[in-house]
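Okay, here's what each chain looks like letter by letter:
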Amino acid sequence: MKKKEQEQTIKTALDQAVHHFENTHFDKALRASKAALIKSFEINSNSYIAQSYNTIGVIYDECNDSKRAIEFYEKALRFARQINNDTLNNWIYNNLGSAYYFNNIDTDKGISYYKKALYFAKKLKDENQIIHINLNLASAYLATNEDQKADSILKTIKEAVFKNNTDEIKLSYYVLMGIKNTHDNKKENAEEFYFKAKDLAEKNHFSSNLLNVYENLAKHFGYFNEQTKQEHYDAKHDSLYNVIYSDEKMDSIEKQALDIELDEYKIQLEKVELQSEKNSKIVETSKLVLVLFMLIVITLLLLLLTLYKSIKTREKLNLELKNTNEALSIAKEKAEEASQMKTQFVSTITHELRTPLYGVIGITNILLDEHKELANSPHLNSLKFSAKYLLSLVNDILQISKIEERKVVLENLIFNLTDEIDGIRNSIEYIAERNNNKLIIEIDTAIPEFLIGDKLRLSQIIMNLVSNSLKFTKNGEVIITADLERVEDTMYYITFKVIDNGVGIAKEHQQVIFDKFVQIERKEEDYQGTGLGLSIVTSLIKLFKSEIHLESEENVGTSFTFTIGFIHDEKQCVALINEIEVDLSSHHTYTILVIEDNKINQLVTKKIIQNSNLTCTIVDDGYAALVALEREHFDLILMDINMPLINGFDTTRKIREKGYTMPIIALTAFDKQEVSEEVYASGMNDILIKPFEPTKLYQIISTHIPKKESDD
């Protein structure tokens, strides 16, 4: 018979035992429990052994054989502990409590067991058991005249008793309320509860419960000196007791008890015999082990000889490995040197390209500003577009280099999402117009007005995705959506989508478009680009601990989706806003000293400053700047870093040594992260990266000059 079939046989026997017990056929219940116990030992199931012992204990307990009941409960508990079964522990501790309390052996010990049972019932969240154990506890407290504790429990569980809707639990509750009211000398209330309990016991044929009701009714009437009624219920109790616990049944149970003890001894004897057989086999096996041991010793000697030869060979290999490691170390140093050279090369190239681009973009803006009639000139617009396009390529290369070297660190700045996306739209509107595309923005109104996070990296992600969609869409539309997905404490997770109805991406290309320098072949048109944009997007989104998802179909369109979490905290937002608040209402005329060696860049910077109704003086190098400072007062200095004769850092140090305290702003084409440490160490106040939008210059001037004036 398979184990599952044997377990089912045991379960059936235990179910029969419960059925016979409920019908007061205690001898039959005991036989079924005994059969379950023997089968449980055969399959060595601690769980079923514990259940069988527990069931036997319940039967003896009901038959007033408390000694045997406790003995079997403790056996059940020993096996239950071996498997850490909370349900069994709950049942057994509750039964032990009842054995000690209801049989008047040790009420305090009974209460202790009830409390242990209650712990497991609460752990299991078993509402029926919690109510049942609390009723037992209340009964025990009433028996020890601790009426206040009993009253507290009964009030606590009253609602659960009637919500539970189990007649047996209601019956127990009514009996306890009867006992309590008897104690309180509330005769009529007590009788009302006793008779409710009696009705439920008779209705459901609960013989044992009815016996208990009769017993308590007799005690109740005896307490109030109503002898006739007391004798009446004593007689009913004795009559029912003789039916339930007849001599014939008790004799049968006694015989079953002896049989169970004999079966236990038999099981133990079989275990001893089985162990003896195992020991005999072990002795026989030990002889074989001795022979094997000798063979192993011989084998080990041979292995030692082989090991000696192996050590000699290993020493030779170690020498070769040492030489290889030295070669690898040299190669590593060369690789690191090459990486540094690459970083330096990228930095130098981007600086050298940004410097002339600053001039090209600046002069283009000057021409458009001074000659309004050229606003629609295709040549001038093409020049501006080409310069901006070249600048974006330079920035992409620098961004990839920084990401690879893990120099990109996310910042926490306050921003308005709508303003950021509007700024992106304004920056790339020219691409949309060139391809006759419609750019649509949809922002969820549930998103807070102010968020805290790295707005620059977010803008770079969206800018690259939208630029890519606009480039591959003609006479169509590109949609930017931002929806609040979920909120976790102060973290607001926003799902962004960039959707277009452009040419789409073939399935075989969708896995590689996020790789660096990858451009999908487009035969019908020439799509410019380095193939860096989507690689930058993927790397930046990983910094936000997120990922991007792509859906695309050729000639239908493409959708990019990603989710990023930003902080929203009202108090923190107010504090940050107060920190960055700038007074732009000043009507003072300020004088700016520009230290710049490039003539074209001098022209561009001067024009930008003059357009803001500020005056400026331009010098070619740091020494000329020191002379100018002696002759004239300046409110702010724009300092180029990479200059002949003396660089911007040393010039700043000399200015500070002479006691000048006006704000000094680094004006450089180097990346901000590369120079920021030395900029601030030299005494400068801020950094402005070329090329820049005029509004950025106005903002930085308006920020630092009022700050200086307030300090004065």
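What you see is a predicted model, and the numbers here were worked out from it, not measured in a lab.

Draft legend 1. Up close: the overall build of the protein. Secondary structure summary: the protein contains 23 helices and 12 strands in total. Looking at the 712 residues of the protein, the share that counts as buried comes to 44%.

Draft legend 2. Main features of the environment of Gln 6. As for its position among the elements, Gln 6 is in helix α1 (residues 3-22). In this structure, the C-alpha to C-alpha distance between Gln 6 and Ile 43, residues 37 residues apart in sequence, is 7.7 Å.

Draft legend 3. Local environment of unusual backbone geometry. The phi angle at Asn 44 is positive, at roughly 55°, despite the residue not being glycine. In this fold, Asn 44 is placed in the loop between α2 (26-42) and α3 (46-62). The phi angle at Asn 84 is positive, at roughly 50°, despite the residue not being glycine. You can see Asn 84 is positioned in the loop between α4 (66-83) and α5 (86-102). The exposed category is assigned to Asn 84, whose relative accessible area is 64%.

Draft legend 4. The arrangement of the pairing of strand β6 (residues 548-553) in detail. Residue alternation in β6 divides its side chains into a buried set, Ile 548, Leu 550 and Ser 552, and an unburied set, His 549, Glu 551 and Glu 553. Strand direction decides the pairing type here: β6 and strand β7 (residues 557-567), joined by 6 bridges, are antiparallel. Paired with Ser 552 across the strands is Thr 558, a residue of β7. The loop that links β6 with its antiparallel partner β7 comprises 3 residues; one of these, Asn 555, has a positive phi angle of about 65°.

Draft legend 5. Representation of the packing of aromatic side chains. Evaluation of the coordinates by the stated rule reveals 20 aromatic pairs. Relative to Phe 120, the ring of Tyr 119 lies with its centre 5.1 Å away and its plane at 75°, an arrangement referred to as edge-to-face. Exposure remark for Tyr 119: the relative accessible area of 52% places this residue in the exposed category. Measuring from centroid to centroid gives 5.5 Å for Phe 162 and Tyr 173, while their planes differ by 85°, and the two rings are edge-to-face. You can see Phe 162 sitting in helix α8 (residues 147-164) and its partner Tyr 173 sitting in helix α9 (residues 167-183), a full 11 residues away along the chain.

Draft legend 6. Structural context of the pairing of strand β4 (residues 477-488). Where strand β2 (residues 438-443) and β4 come together, 6 bridges link them in parallel fashion. If you follow Ile 441 over to β4, its bridge partner there is Ile 480. The hairpin turn running from β4 into strand β5 (residues 491-500), its antiparallel successor, is 2 residues long, and Asp 489 in that turn takes a positive phi close to 60°.

Draft legend 7. Inspection of the packing of helix α10 (residues 187-204) against helix α11 (residues 207-223) at higher detail. For the pair α10 and α11, interaxial distance at closest approach is 9 Å and the crossing angle is 160°. Judged on the interaxial angle alone, α11 and α10 are roughly antiparallel. Note on packing geometry: the crossing formed by α10 with α11 is left-handed. Side by side, α10 and α11 meet where Lys 187, Ala 190, Glu 191, Tyr 194, Phe 195, Ala 197, Lys 198, Ala 201 and Glu 202 of the first sit next to Asn 209, Leu 210, Val 213, Tyr 214, Asn 216, Leu 217, His 220 and Phe 221 of the second.

Draft legend 8. Spotlight on the sheet that holds strand β11 (residues 664-668). Strand order in the open sheet formed by 5 strands is β9-β8-β10-β11-β12, with parallel pairing between adjacent strands. Every interior strand has two partners, whereas the edge strands, β9 (615-619) and β12 (686-689), have only one. Taken pair by pair, the neighbouring strands of this sheet meet at an average axis angle of 25°, ignoring direction. Contacts from helix α21 (residues 648-657) reach β8 (591-595), β10 (636-640) and β11, with the element oriented near 150° to β10. Helix α22 (residues 672-682) contacts β11 and β12 of the sheet and is inclined by roughly 150° relative to β12.

Draft legend 9. Structural detail: the pattern of salt bridges. Applying the stated criterion across every chain, the model contains 22 salt bridges. Ionic pairing is found between Glu 42 and Lys 39, a salt bridge with its closest N-O pair at 3.8 Å. Highlighted residues: Glu 42 and Lys 39, both in helix α2, separated by 3 residues, approximately one helical turn. Looking at Lys 39, the relative accessible area reads 28%, which means it is partly exposed. Lys 123 is the partner of Asp 86 in a salt bridge, and the nearest nitrogen-oxygen pair spans 3.3 Å. On the criterion of sequence distance, the pair formed by Asp 86 in helix α5 and Lys 123 in helix α6 (residues 107-124) is long-range, its members being 37 residues apart. Classification of Asp 86 as buried rests on a relative accessible area of 19%.

Draft legend 10. Region of interest: the confidence of the model for the protein. Looking at the protein as a whole, its pLDDT mean stands at 79, while 78% of the residues score no less than 70. Helix α14 (residues 378-404) is the least confidently modelled element of the protein, averaging 59 in pLDDT, while β5 averages 95, the highest of any element. Scored below 50 in pLDDT, residues 708-712 shows 5 contacts in the model against residues more than four places distant or in partner chains.

Draft legend 11. The arrangement of the nonpolar core in detail. Counting residues in each nonpolar core, the largest one holds 72 residues, and the members touching the most others are Tyr 53, Ile 92, Leu 96 and Leu 135. Counting residues in hydrophobic clusters, the runner-up holds 37 residues, among them Leu 439, Val 478, Ile 480 and Ile 494.

Draft legend 12. Spatial organisation of the packing of α2 against α3. Where α2 meets α3, the closest approach of the two axes is 8 Å, and the angle between their N-to-C directions is 160°. By the criterion of interaxial angle, the relationship of α2 to α3 is roughly antiparallel. Once α2 is placed against α3, the crossing between them reads as left-handed. Between α2 and α3, the residues in contact are Phe 26, Ala 29, Leu 30, Ser 33, Ala 36, Leu 37, Ser 40 and Phe 41 and Tyr 48, Ile 49, Ser 52, Tyr 53, Thr 55, Ile 56, Ile 59, Tyr 60 and Glu 62, respectively. Split by residue class, the contact of α2 with α3 holds 12 nonpolar, 4 polar and 1 charged.

Draft legend 13. Main features of α6. Here α6 spans 26 Å end to end across 18 residues, near enough to the 26 Å set by a 1.5 Å rise per residue. Among the residues making up α6, those that are buried are Thr 107, Gly 110, Ile 111, Tyr 113, Tyr 114, Ala 117, Leu 118, Phe 120 and Ala 121. Looking at the buried residues of α6, the elements they touch are α5 and α7 (127-143). Where α6 begins, the side chain of Asp 106 points an oxygen toward the backbone nitrogen of Asp 108, at a separation of 3.3 Å. Downstream of α6 by one or two residues, Lys 125 has phi in the positive range, about 60°.

Criteria and cut-off values
Residues numbered from 1 in each chain as written. Predicted model: local features only at pLDDT ≥ 70, side-chain atom pairs only at ≥ 80, totals over all residues. Heavy atoms only, no water. Helix = DSSP H or I, 4+ residues; strand = E, 2+ residues; numbered from the N terminus. Buried < 20%, exposed > 50% of the residue type's maximum accessible area, 1.4 Å probe, protein only. Pairing = 2+ DSSP bridges. Phe/Tyr/Trp six-rings, centres within 6.5 Å; stacked < 30°, edge-to-face > 60°. Axes fitted to C-alpha atoms, helices over the stretch in contact; angles between N-to-C directions. Parallel < 35°, antiparallel > 145°, perpendicular 65-115°, else oblique. Left-handed = near helix turned anticlockwise from the far one by under 90°. Contact = heavy atoms within 4.5 Å. Salt bridge = Lys/Arg side-chain N within 4 Å of Asp/Glu carboxyl O. pLDDT = per-residue confidence, 0-100. Core = buried A, V, L, I, M, F, W, Y, C linked by side-chain atoms within 4.5 Å. Nonpolar A, V, L, I, M, F, W, Y, C, P; charged D, E, K, R; others polar. Expected span 1.5 Å × (residues − 1). Polar contact = N/O pair within 3.5 Å; in protein donor to acceptor, adjacent residues only side chain to side chain.

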